[in-house]
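Topology and contacts: notes
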Amino acid sequence: AVLDQHELLQAMIGDLDLSVTDQGCERDIAADCALAFDCFEMDLSRCAMLRSEGWCSEGWDTHQDIDAQSLNFEELFAYLLQAMEDLDTRTAPSGEPLAESLTIVLFSEMGRSPQLNVQGGKDHWTFTSALLIGAGIQGGQVVGGVDDQSRGLNIDLATGETTDSGVPLLADHLGATLLQLGGLDPECGAGEEREQDP
């Protein structure tokens, strides 16, 4: 039975085009998303990580010329819209729409400072944000916030509201959220599945 599954997986992988797709001077992120969605539809993977290099692969690290960030964001959100439109046409292995079982997480490992530097750019900043879209996400809300110096505010983990008596919002909290969305209890040990409600 294991050999049969292996041969089936090999045949399925043979149908995938794993070549890098460029669109002009940059990677075509929508095509990369489509490849990830192909793998999800075939039940070859449950997770994929893609990287945006910014407009024309110039990068997001704009210590000079902050205007480049606008090009980066315009391109990234155009690709994200294409990916969401593609996702709406796909079916999960369970037979339900893939969009109803998939969560997209868009984030950076760091933010940009609130002030321009002497070169007209922005330097690294400790506080950043993440955007979650899709299954299990209640849209139209912001969790957390920043003060007038763009420093992160403490939040109440139960409500997501900012409060002085709360805790800093950390990467651990995002990780716990993603585990819970995947049906795992963040409080359990590795590999322990959360009991589902009847």
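Glancing now at the overall build of the chain. Looking only at helices and strands, one finds four helices and six strands in the chain. Traced from its N-terminal end to its C-terminal end, the chain shows the element sequence α-β-β-α-α-β-β-β-β-α. Counting across all 198 residues of the chain, residues that qualify as buried make up 21%. A separation threshold of at least 6 residues defines the contact pool for the chain, and within that pool the share at least 24 residues apart is 48%. When the accessible surface of the chain is split by element, carbon and sulfur atoms take 52% of a total near 13700 Å².

The next subject is the environment of Ala135. Structurally, Ala135 can be placed in the loop between strand S6 (130-134) and helix H4 (171-181). Taking the C-alpha atoms as reference points, Ala135 and Ile104, separated by 31 residues in sequence, lie 8.5 Å from one another. Beyond its immediate sequence surroundings of up to four residues, Ala135 is in contact with Ala99, Glu100, Ser101, Leu102, Thr103 and Leu181.

Before going further, it helps to examine the environment of Gly54. For Gly54, the location among the structural elements is in the loop between helix H2 (29-41) and helix H3 (68-87). Separated by 18 residues in the primary sequence, Gly54 and Asn72 place their C-alpha atoms 4.7 Å from one another.

Moving on, we come to the pattern of salt bridges. All told, the structure shown has six salt bridges when counted by the stated rule. Between Asp38 and Arg90 there is a salt bridge, and its shortest N-O distance comes to 2.5 Å. Note that Asp38 is positioned in helix H2 and Arg90 in the loop between H3 and strand S3 (103-107), a separation of 52 residues in sequence. Using a relative accessible area of 10% as the deciding quantity, one classes Arg90 as buried. A single network of salt bridges, built from pairs that share partners, joins Asp38, Glu41, Asp86 and Arg90.

So, about a nonpolar patch on the surface. A grouping of Val143, Leu157, Val167 and Leu169 is seen on the molecular surface, where their side chains present a nonpolar patch of about 330 Å² in accessible area. Structurally, Leu157 can be placed in the loop between S6 and H4.

Below, the discussion takes up the packing of H2 against H3. The interhelical angle for the contact between H2 and H3, taken along N-to-C directions, is 30°, at an axis separation of 8 Å. Classed by the angle they form, the pair H2 and H3 counts as roughly parallel. Relative to H3, the crossing made by H2 is right-handed. Taking contact as the criterion, the partners of Ile29, Ala30, Cys33, Ala34 and Phe37 in H2 are, on H3, Leu76, Tyr79, Gln82, Ala83, Asp86 and Leu87. Along the lines of polarity and charge, the residues of the contact of H2 with H3 split into nine nonpolar, one polar and one charged.

Here the focus is the side chain of Asn117. Mapped onto the secondary structure, Asn117 falls in the loop between strand S4 (111-112) and strand S5 (124-125). For Asn117, the side chain forms a polar contact with the main-chain nitrogen of Gln119, separated by 2.9 Å. A polar side-chain atom of Asn117 sits 3.0 Å from a polar atom in the side chain of Asp123. Discounting chain neighbours no more than four positions away, the residues touching Asn117 are His63, Lys122 and Asp123.

Right, let's talk about the side chain of Asn72 for a bit. Here Asn72 is to be found in helix H3. Residue Asn72 is classed as buried on the basis of its relative accessible area, which comes to 2%. At 3.2 Å, the side chain of Asn72 forms a polar contact with the backbone oxygen of Gly59. With residues near it in sequence (within four places) discarded, Asn72 still touches Gly54, Trp55, Gly59 and Trp60.

Take the nonpolar core next. The biggest cluster of nonpolar side chains holds 15 residues, and the ones touching the most others in it are Ile29, Cys33, Phe37, Phe40, Leu87, Leu98 and Leu102. Every element with two or more residues in this core is listed here: H2 and H3. Sorting elements by how many residues they give to this core places H2 first, with six residues.

About the cut-offs
Residues numbered from 1 in each chain as written. Predicted model: local features only at pLDDT ≥ 70, side-chain atom pairs only at ≥ 80, totals over all residues. Heavy atoms only, no water. Helix = DSSP H or I, 4+ residues; strand = E, 2+ residues; numbered from the N terminus. Buried < 20%, exposed > 50% of the residue type's maximum accessible area, 1.4 Å probe, protein only. Contact = heavy atoms within 4.5 Å. Areas by Shrake-Rupley, 256 points an atom, 1.4 Å probe, with all protein chains shown as cover. Salt bridge = Lys/Arg side-chain N within 4 Å of Asp/Glu carboxyl O. Patch = residues over 30% accessible without salt bridge, like charges linked within 9 Å, V, L, I, M, F, W, Y side chains within 5 Å. Axes fitted to C-alpha atoms, helices over the stretch in contact; angles between N-to-C directions. Parallel < 35°, antiparallel > 145°, perpendicular 65-115°, else oblique. Left-handed = near helix turned anticlockwise from the far one by under 90°. Nonpolar A, V, L, I, M, F, W, Y, C, P; charged D, E, K, R; others polar. Polar contact = N/O pair within 3.5 Å; in protein donor to acceptor, adjacent residues only side chain to side chain. Core = buried A, V, L, I, M, F, W, Y, C linked by side-chain atoms within 4.5 Å.

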